[in-house]
Amino acid sequence: MAQESVVYGCITDMLFAGNIADVADRRDNNQLVTALLPAAEDWPLLCREMFSAPRSAFEFGDCQTDVIHFGSSYKAIEHEWDEWLRQFEKMLHKMYWVSATVHLQTAYNGSHTFVWQAEGDFHAPGQGAGKLRCEWVREDTLG
């Protein structure tokens, strides 16, 4: 029986006050990118149903960080992890963001956290991939 893996995280973007049209354009762009992903019934590694964006942080006054959160469970995704990362980075390449964090929890290989940071104030569509950092946490339950 294949072991289940869980992937979850968030993509953040700073909503710089100033031009409200720019804020809406950034948010609309990011929502379009996730909406154009394949549907879950096609069994892709990334699908539109795994992404969700709550109301814009800009609507709350003092909040300036917009968050898209995501998550899904897979059967042993670690065997396809390089491809999952490639597809995720391809999606990020089309978006506005400041940081992106992915948590991977596996039964046999521990937990991994991948963090992308924009190289400037933020990443705009078509810019470089940003800086990637990975942390691995192995929690042994042997007593």
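Everything below is about the structure shown above.
Residues numbered from 1 in each chain as written. Predicted model: local features only at pLDDT ≥ 70, side-chain atom pairs only at ≥ 80, totals over all residues. Heavy atoms only, no water.

Enquirer: Can you tell me about the overall build of the protein chain, naming the residues and giving the values?
Expert: Across its full length, the protein chain holds two helices and six strands. Ordered by position from the N terminus, the helices and strands of the protein chain form the series β-α-β-β-α-β-β-β. Burial analysis of the protein chain (143 residues in total) assigns 36% to the buried set. Of the contacts made within the protein chain by residues no fewer than 6 positions apart, 63% connect residues no fewer than 24 positions apart. In the structure as shown, the protein chain presents an accessible area of about 8600 Å², 52% of it carried by carbon and sulfur atoms. (Helix = DSSP H or I, 4+ residues; strand = E, 2+ residues; numbered from the N terminus. Buried < 20%, exposed > 50% of the residue type's maximum accessible area, 1.4 Å probe, protein only. Contact = heavy atoms within 4.5 Å. Areas by Shrake-Rupley, 256 points an atom, 1.4 Å probe, with all protein chains shown as cover.)

Enquirer: Could you give an account of the packing of aromatic side chains, with specific residues and numbers?
Expert: Tallied over the full model, the rule gives seven aromatic pairs. Judged by centre distance (5.3 Å) and plane angle (40°), the rings of Phe51 and Phe70 are tilted. Here Phe70 lies in strand S3 (residues 65–75) and Phe51 lies in strand S2 (residues 51–52), a separation of 19 residues in the sequence. Given the relative accessible area of 10%, Phe51 is considered buried. Summarising the aromatic geometry, the rings of Trp84 and Phe88 are spaced 5.1 Å apart at their centres and angled 15° between planes, so their arrangement reads as stacked. Placement of both Trp84 and Phe88 in helix H2 (residues 81–93) is noted, with a separation of four residues, approximately one turn of the helix. A residue is classified by how much of its surface remains accessible, and Trp84, at 0% relative accessible area, is buried. An aromatic cluster is built from Phe51, Phe70, Trp81, Trp84, Phe88, Phe114 and Trp116, whose rings are joined through pairwise contacts. A cation over an aromatic ring shows up here: Arg26 above the ring of Phe122, its NZ or CZ 4.1 Å from the ring centre. (Phe/Tyr/Trp six-rings, centres within 6.5 Å; stacked < 30°, edge-to-face > 60°. Lys NZ or Arg CZ within 6 Å of the ring centre and 35° of its normal.)

Enquirer: How would you explain the nonpolar core if you had to name every residue and give the values?
Expert: Across soluble globular proteins, nonpolar side chains have a tendency to be buried as a group. Ranked by internal contacts, the top residues of the largest apolar core, which has 27 residues, are Ile11, Phe51, Trp81, Trp84, Phe88, Val102 and Trp116. At the level of elements, strand S1 (4–14), S3, H2, strand S4 (99–105) and strand S5 (111–117) are the ones that each hand at least two residues to this core. The dominant element in this core, judged by the number of residues it contributes, is H2, at six residues. Those residues in contact with Phe51 that sit more than four places away from it in its chain are Ile11, Thr34, Leu37, Leu46, Ile68, His69, Phe70 and Met91. (Core = buried A, V, L, I, M, F, W, Y, C linked by side-chain atoms within 4.5 Å.)

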